[in-house]
Amino acid sequence: MFIDEAKIRVAAGGGGNGCMAFRREKFVPRGGPSGGDGGRGGDVIMESSERHNTLVHFRFNPEHTAERGRHGEGSNRTGRDGAHVILKVPVGTILYDDQTGERIHDFSRPDERIVVAQGGRGGRGNARFATSTHQAPRECEPGHPGEQRVFRLELKLLADVALVGYPNVGKSTLISRISAARPKIADYPFTTLQPNLGVVSIGDPGSPEHFSFVVADIPGLIEGAHTGAGLGVQFLRHIERTRLLVHLVDVSDSSGRPDPVKDFEVIMEELASFGAALDEKPMIVVASKIDALQPAPAKKGKTVKSKSKLDNLAQFCRKKKLALFPISAVTGEGLDRLKYALGKRVQQLRQDDAKAVAGTESRQQNLSA
């Protein structure tokens, strides 16, 4: 089950109470106060993990409480600190304060760890209050309560490439052919009800030229997706973190839509209406299902394969300066060419991102200096 939103309530452990005690031992007539301090309550810690890819473990277990600290004891014995609670979240999770809407943290890298609720401090025992003029104190402190907060978790998948397009244009079939992902594939719209991730490998794993990248199969979009039509609005945010969009357009006659250019423009309008500059991301256009182009009668009794829809799309892409790759995920035609083109483009985009990060860090160092 893919869950990308959850609301949780966390409570850190309260501190243990301080102890009021006096030393009572043989041959020690003036033992004095010996009450120990209470232990500190446990923290609630959130950590990003690559072993998780959904928030389903929070949907059915929304409350998490850390252990409270033990109370102080006599003979100046301090109570044990409470155990921490560590909550694992997928990489790509954004943490929000549910009451204020404030963005607390973005877990964009694995093994990031932050304290989301601090445990309470333990109370002081009466030994802490002893002075030269107050040698038998009978006061001690209770433990301080731990923090209690309500958070909203939102997951945005981290992938290099996102497959977008109308329902049933061949996105799931394509990701199953170029990666080890095995999504559900059927001949009806909205077969994909949740995003699917697949790792595409180029070259031999042991060679220096080996390269891999992650592809996300996003459920199909329809006109009005940004307003809630279909399933698109629920998953459009997963495209925000991707470096490259692969826009699949069905050029076969089985789609029931006569104009592939119109299909492309409708999806682009939905991406632009959603915001987050999705329509400005680098894009590659893929003409899918070229194996299903219907033959049409030609002059002198000959038959040729009709490519009018493909020709129209190719002319439009040349005008917009977009790379077009005709493929057939069923026969495998054009898949290798597309896979290597995606790998080359992803490598370039990763290098550009690394340069941008390095430039930002150098500017910050110059300003701090």
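Note that the structure is predicted; figures quoted are calculated from it, not measured.

Draft legend 1. Expanded view of the overall build of the chain. For the chain, the count of helices and strands is 6 helices and 16 strands. Per-residue burial over the chain gives 45% buried out of 369 residues. Looking at the chain alone, contacts between residues at least 24 apart form 73% of all its contacts between residues at least 6 apart. Total accessible area on the chain is roughly 19,900 Å²; 48% of this is exposed by carbon and sulfur atoms.

Draft legend 2. Spotlight on unusual backbone geometry. Positive phi outside glycine occurs at D111, with the angle close to 65°. Here D111 shows up in the loop between β6 (103–107) and β7 (113–117). Notably, K289 is not glycine yet its phi reads approximately 60°, a positive angle. Tracing the sequence through the fold places K289 in the loop between β13 (283–288) and β14 (295–297). On the basis of relative accessible area, K289 is assigned to the partly exposed category, the value being 23%.

Draft legend 3. Molecular detail of the nonpolar core. Formed by 54 residues in total, the largest nonpolar core has its most connected members in F213, I239 and L271. Listed in part, the 22 residues of the second largest apolar core include I8, F58, L95 and L155.

Draft legend 4. A look at the packing of aromatic side chains. According to the stated counting rule, one finds 2 aromatic pairs in the structure shown. Centroid distance F211 to F213: 6.0 Å. Interplanar angle 35°. Geometry classified as tilted. Accessibility expressed as a relative area gives 11% for F211, which makes it buried. Between F264 and F316, the aromatic rings sit 5.3 Å apart at their centres with planes inclined by 65°, giving edge-to-face as the arrangement. Placement of F264 in helix α4 (residues 260–274) and of F316 in helix α5 (residues 308–320) is noted, with a sequence separation of 52 residues between them. In this arrangement the basic side chain of R152 is found over the ring face of Y96, its NZ or CZ atom lying 4.4 Å from the centre.

Draft legend 5. Local environment of the state of the cysteines. By the definition in use, this model includes 0 disulfides. Free of any disulfide, C19 has its nearest cysteine sulfur in C140, 7.1 Å distant. Take C19: its relative accessible area is 15%, and that puts it in the buried class. Looking at C140, the relative accessible area reads 35%, which means it is partly exposed.

Draft legend 6. Structural context of the sheet that holds strand β11 (residues 211–217). With mixed pairing, 6 strands are arranged side by side in an open sheet as β10-β11-β9-β12-β13-β16. Since the sheet does not close on itself, it has two edges, and those belong to β10 (196–202) and β16 (324–326), each with one partner. Going across the sheet, the axis of each strand differs from the next one's by a mean of 25°, ignoring polarity. The strands touched by α4 are β9 (161–165), β12 (244–250) and β13; relative to β12, the strand with the most contacts, the crossing angle is about 145°.

Parameters and conventions
Counting restarts for each chain, with residues numbered from 1 along the sequence as it is written. The predicted nature of this model means local features are confined to residues of pLDDT at least 70 and side-chain atom pairs, given and counted, to a pLDDT of 80 or more, with totals for whole chains, interfaces and linings taken over all residues. To obtain the side-chain values, all non-hydrogen atoms of the structure were used and water was disregarded. Segments assigned H or I by DSSP are reported as helices when at least four residues long, segments assigned E as strands when at least two residues long, and all are numbered from the N terminus. Between buried and exposed lies partly exposed: a residue is buried under 20% and exposed over 50% of the maximum accessible area for its type, with that area taken using a 1.4 Å probe on protein chains only. We call two residues in contact whenever any of their non-hydrogen atoms come within 4.5 Å of each other. Here the Shrake-Rupley method, with its probe set to 1.4 Å, supplies the accessible areas, and only the displayed protein chains count as covering residues. We call a set of buried Ala, Val, Leu, Ile, Met, Phe, Trp, Tyr and Cys residues a nonpolar core when their side-chain atoms join them within 4.5 Å. Any Phe, Tyr or Trp ring, taking Trp's six-membered ring, that has another such ring centre within 6.5 Å forms a pair; planes under 30 degrees apart are called stacked, those over 60 apart edge-to-face, and the others tilted. Two conditions define a charge sitting above a ring: the NZ of Lys or the CZ of Arg must be within 6 Å of the ring centre, and it must be within 35 degrees of the ring normal. Throughout, a disulfide means two cysteine sulfur atoms within 2.5 Å of one another. Think of it this way: DSSP has to see at least two bridges between two strands before they count as a pair. Here an angle of 0 to 180 degrees is reported between the N-to-C directions of two axes, which are lines fitted to C-alpha atoms, with helices fitted over the stretch in contact.

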